[in-house]
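As a plain string of letters, each chain reads:
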Amino acid sequence: MSTRTKLILIAILGLVSLVLAYPKEDTLLHKIGFKHSHLQVREGLDLQGGAHLVYQADLSKIASGDRASAMSSLVNVITNRVNSLGTSETTVQQAGSSQVIVEIPGVSDATQAQALIGKTAQLSFVEVDATTNQVTDTGITGSDVKSATADFDPTSGQPIVSLQLKSGDATKRFGDLTTQINQNQNLRLATYLDQDLIFGPATVSSPITNGQAQLSGNFDVKTAKQIAQLINAGALPVPISLVEQQTVGPTLGAESVRHSLVAGIIGLGVVALFMLIYYRLAGVVAVTALIIYTALTLTIYKLSAFTPYTIVLTLAGIAGFILSIGMAVDANILIFERMKEELRDGKSFVSAVEAGFDRAWSSIRDSNISTLITCFILYTFSSSIPIIRGFAVTLGLGVVISLFTAVVVSRTLLRGVIMTKLGRNPKWYGLNLPGEDA
Amino acid sequence: MNLIGKRKIWYTISLVAIVPGLISLVLFGLKLGIDFTGGSIMEVQGSASATDITAMASKLGFQDITITNEANGRSLVRYRDPAPTSEIEGHHQEFKADLAPLGLSEVSFETVGPSVSHSITRNAILAIAVASFAIVCYIAFAFRNAPPPVSPLSFGVTAIIALLHDAFFVIGVFSILGHFAGVEVDSLFVTAVLTVIGFSVHDTIVVFDRIRENLRRQRGEFEDVVNNSILETLARSINTSLTVLLTLLALFLFGGESIHYFVLALLVGIASGTYSSIFNASPLLVTWHNYKLKHPKKKA
């Protein structure tokens with residue numbers, strides 16, 4: 001491929017990534033006739049506000065062979081419960097062998113979610129003997145219920161929870177139970193959710209054989225809804241407890257984004273200024289490469305949302321990204337210093353550029369690999385520490401992209417620059433060579 | 001300029017910089033944050049007297065209560081709730097409600113249970129150990145074809161000494177800050193130390209790479225070859241560090257409260273990393289080389 005073709009390709013890449021990286025790229029694209037949904041960098045909880053909750057499951061009563069399946073059904077139940085809140089972008093995932101991480105954006109939902117997640121929510125129907133107060137378990141539980149809905153009693157207007165039992169065996173057993181209670185004057189029906197009595201004890205006026213039951217306790221609409229949600233999501237297979245939580249208010253998150261943005265722009269500006277003053281024309285090349293680097297990185301952040309490996313930007317992640325800007329410049333500096341040396345040795349511009357890249361490559365490669373090793377290890381050891389993981393991902397990705405921009409973009413741009421007469425003047429590189437350039 | 005000839009001065013500077021931190025580390029240790037000890041931190045907006053807040057917290061049975069004021073009109077309330085894990089969230093909600101009449105609202109909240117903090121500490125130590133080991137292996141591998149008189153191992157070992165220099169400098173500084181300014185270390189601090197390690201090696205490798213190249217091309221004393229290599233890469237070392245330090249300085253000054261000390265750790269460590277790669281790692285290669293000349297291996 002000729003240098004000219006490469007320059008054109010780089011210009012296209014730079015332009016496309018600049019457009020995609022632009023915060024309101026949808027309106028920009030709309031103007032030139034493209035319609036698409038808005039792309040966004042996915043922000044972590046520390047930036048958009050929200051709750052990070054870690055639950056420890058108590059697996060001591062589960063046989064070791066059944067633990068894996070107990071954990072996966074635990075994750076399912078928690079997912080169902082959290083989803084019933086209607087919060088978008090909630091993630092529930094297993095961490096290690098016995099922990100579950102729940103991440104909920106938006107703090108107001110978080111408090112509500114916590115109340116919902118922690119409950120075991122075992123629904124149980126019991127038979128109470130009114131004369132002896134003896135309680136007998138009936139064996140009918142939440143797993144016999146097909147669906148539950150919060151409703152209003154048509155006559156009293158009181159909030160109630162309507163249950164539809166599973167057809168077949170469950171409905172038949174419930175029918176038998178209600179028939180038995182109906183026929184025996186001393187028996188009452190009661191319903192518990194965990195240790196809380198939510199219905200009864202009450203008499204049964206007629207046997208219920210269609211599987212439709214109504215729980216009318218003294219609860220308000222909110223409680224009725226919560227009970228229905230809990231029953232629908234199912235009971236937790238094992239007890240859990242909250243062992244770690246991190247809640248960030250939305251104002252703090254927005255503040256962090258603003259601060260990081262300012263810091264990033266100032267950092268980038270100062271670095272660009274330094275490069276321009278010290279390396280002159282080569283500095284222009286470095287700054288162009290740096291702009292393409294930044295745009296490309298942001299574009300990859302945005303596009304990663306379409307893959308299973310969505311990059312979630314956290315505060316530490318931004319720090320990693322800004323740090324990677326510094327490292328991206330390093331490759332350019334290595335190359336330019338080498339190039340200047342070759343020029344001082346009296347080489348022509350063309351061979352100085354090529355030698356500069358060839359000689360600097362082993363340093364660039366070896367030093368960046370050691371940073372990648374660090375990132376990889378950070379990533380591996382941080383499965384339950386999202387801040388560290390975010391940092392490792394952005395820094396590692398930054399190193400890889402910066403290798404590309406230094407080796408492909410800077411090199412091609414330099415080759416293009418030295419094609420012009422202006423580009424072959426040593427003074428434009430901050431060099432004072434005896435004699436004029438050939 | 002003869003940098004290698006003055007290597008004893010450079011070693012002395014390093015010792016002077018590191019020893020106070022090490023003494024502090026031995027005497028006071030590090031002030032460990034809740035990531036390692038377990039406990040809760042509530043960040044609140046608004047002003048109220050520390051005694052009032054402490055009274056509210058004590059009422060709920062919280063222990064180890066400390067209140068620190070931040071620059072932006074917020075305070076950090078740290079406490080440890082000895083209640084069983086199932087009750088901690090309830091107490092948190094109660095505490096939040098108790099603070100509302102004092103005009104305090106919660107900005108962020110973090111709590112770490114003891115079991116979690118143990119695994120974080122273990123992972124942190126493991127990560128640093130594994131990272132160091134992996135880097136030595138990588139350097140020994142990358143420099144396996146190094147021409148005589150240096151061995152691949154001496155490159156690896158001196159790089160690790162420079163790396164430990166930087167890691168201990170940062171840890172020492174934070175031990176001093178912890179004792180005198182109450183600065184705590186958290187899992188972000190571990191990240192910072194690991195990044196410093198990565199950067200330190202990154203920097204050292206660039207100089208080593210030049211030494212390797214010059215050993216193939218130049219004749220002369222080993223000392224001179226090393227000295228030339230340092231001088232030839234000096235502009236690059238300083239410029240690169242300058243750009244990284246400038247970006248970090250921007251983050252430190254404008255990047256917001258929550259990553260303040262994280263960025264400070266990076267700043268201190270990367271400054272140290274630049275120093276050690278110029279003034280420690282390569283001179284140590286010479287010291288190692290001279291030692292071997294004076295003490296040739298006795299055949300068994």
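Residues numbered from 1 in each chain as written. Chains lettered and ligands numbered in written order. Predicted model: local features only at pLDDT ≥ 70, side-chain atom pairs only at ≥ 80, totals over all residues.

**Describing the pairing of strand β12 (residues 240-248) of chain A**
For β12 of chain A, the buried fraction is high: 8 of the 9 residues fall into the buried class. Two strands pair when backbone bridges link them, and strand β2 (residues 50-57) of chain A and β12 of chain A are joined in this way by 8 bridges, in the antiparallel orientation. Bridging from a neighbouring strand, A51 of chain A pairs with T247 of chain A of β12 of chain A. Here 5 bridges tie β12 of chain A to strand β4 (residues 105-112) of chain B, and the two strands are oriented antiparallel to one another. Paired with V248 of chain A across the two strands is S108 of chain B, which belongs to β4 of chain B. (Buried ≥ 20, exposed ≤ 12 C-beta atoms within 10 Å, placed from the backbone. Helix = DSSP H or I, 4+ residues; strand = E, 2+ residues; numbered from the N terminus. Pairing = 2+ DSSP bridges.)

**Notes on the environment of N2 of chain B**
Residue and element names in this part refer to chain B. Tracing the sequence through the fold places N2 in the segment before α1 (7-27). Given 10 C-beta atoms within a 10 Å radius, N2 is considered exposed. Separated by 192 residues in sequence, N2 and L194 have C-alpha atoms that sit 32 Å apart.

**A closer look at the sheet that holds strand β11 (residues 212-215) of chain A**
All names here are of chain A. Across the sheet, which stays open at both edges, the 3 strands sit in the order β7-β8-β11 with antiparallel pairing between neighbours. Looking along the sheet, the strands with just one partner apiece sit at the ends: β7 (145-152) and β11. Direction aside, the axes of adjacent strands within the sheet are offset by 25° on average. Of the strand pairs in this sheet, β7 and strand β8 (residues 159-165) are connected by 7 bridges, and their pairing is antiparallel. Directly across from A150, in β8, lies its bridge partner V161. Across the sheet, helix α7 (residues 221-233) touches β7 and β8, and the angle it forms with β7 is around 170°. (Axes fitted to C-alpha atoms, helices over the stretch in contact; angles between N-to-C directions. Contact = placed C-beta atoms within 7 Å.)

**Structural notes on the domain arrangement of chain A**
Residues and elements named next belong to chain A. For chain A, the domain assignment lists domain 1 (3-42 + 249-429), domain 2 (50-118 + 241-247) and domain 3 (123-233). The centre of domain 2, based on its C-alpha atoms, is set 28 Å off from the matching centre of domain 3. Taken residue by residue, the interface counts 5 residues in domain 2 and 5 residues in domain 3. A total of 3 residues in the side of domain 2 that touches domain 3 trace back to one element, the largest contributor, which is helix α4 (residues 67-83). Class assignment for the residues of the side of domain 2 that touches domain 3 results in 2 nonpolar, 2 polar and 1 charged. (Domains from an automatic or database assignment. Nonpolar A, V, L, I, M, F, W, Y, C, P; charged D, E, K, R; others polar.)

**Re the environment of G21 of chain B**
Residues and elements named next belong to chain B. In this fold, G21 is placed in helix α1. As a C-alpha pair, G21 and G269 span 248 residues in sequence and 13 Å in three-dimensional space. Other than its neighbours up to four places away in sequence, G21 contacts F168, F169, I171, G172, V173, S175 and I176.

**Some points on the interface of chain B and chain A**
If you look at the interface, chain B gives 54 residues, while chain A gives 55 residues. Counting residues per element, the ones that place at least two in the side of chain B that touches chain A are α4 (85-99), β4, α5 (114-142), α7 (187-217), α8 (222-254) and α9 (260-294) of chain B. Each residue belonging to the side of chain B that touches chain A can be placed in one class, and the counts come to 30 nonpolar, 19 polar and 5 charged.

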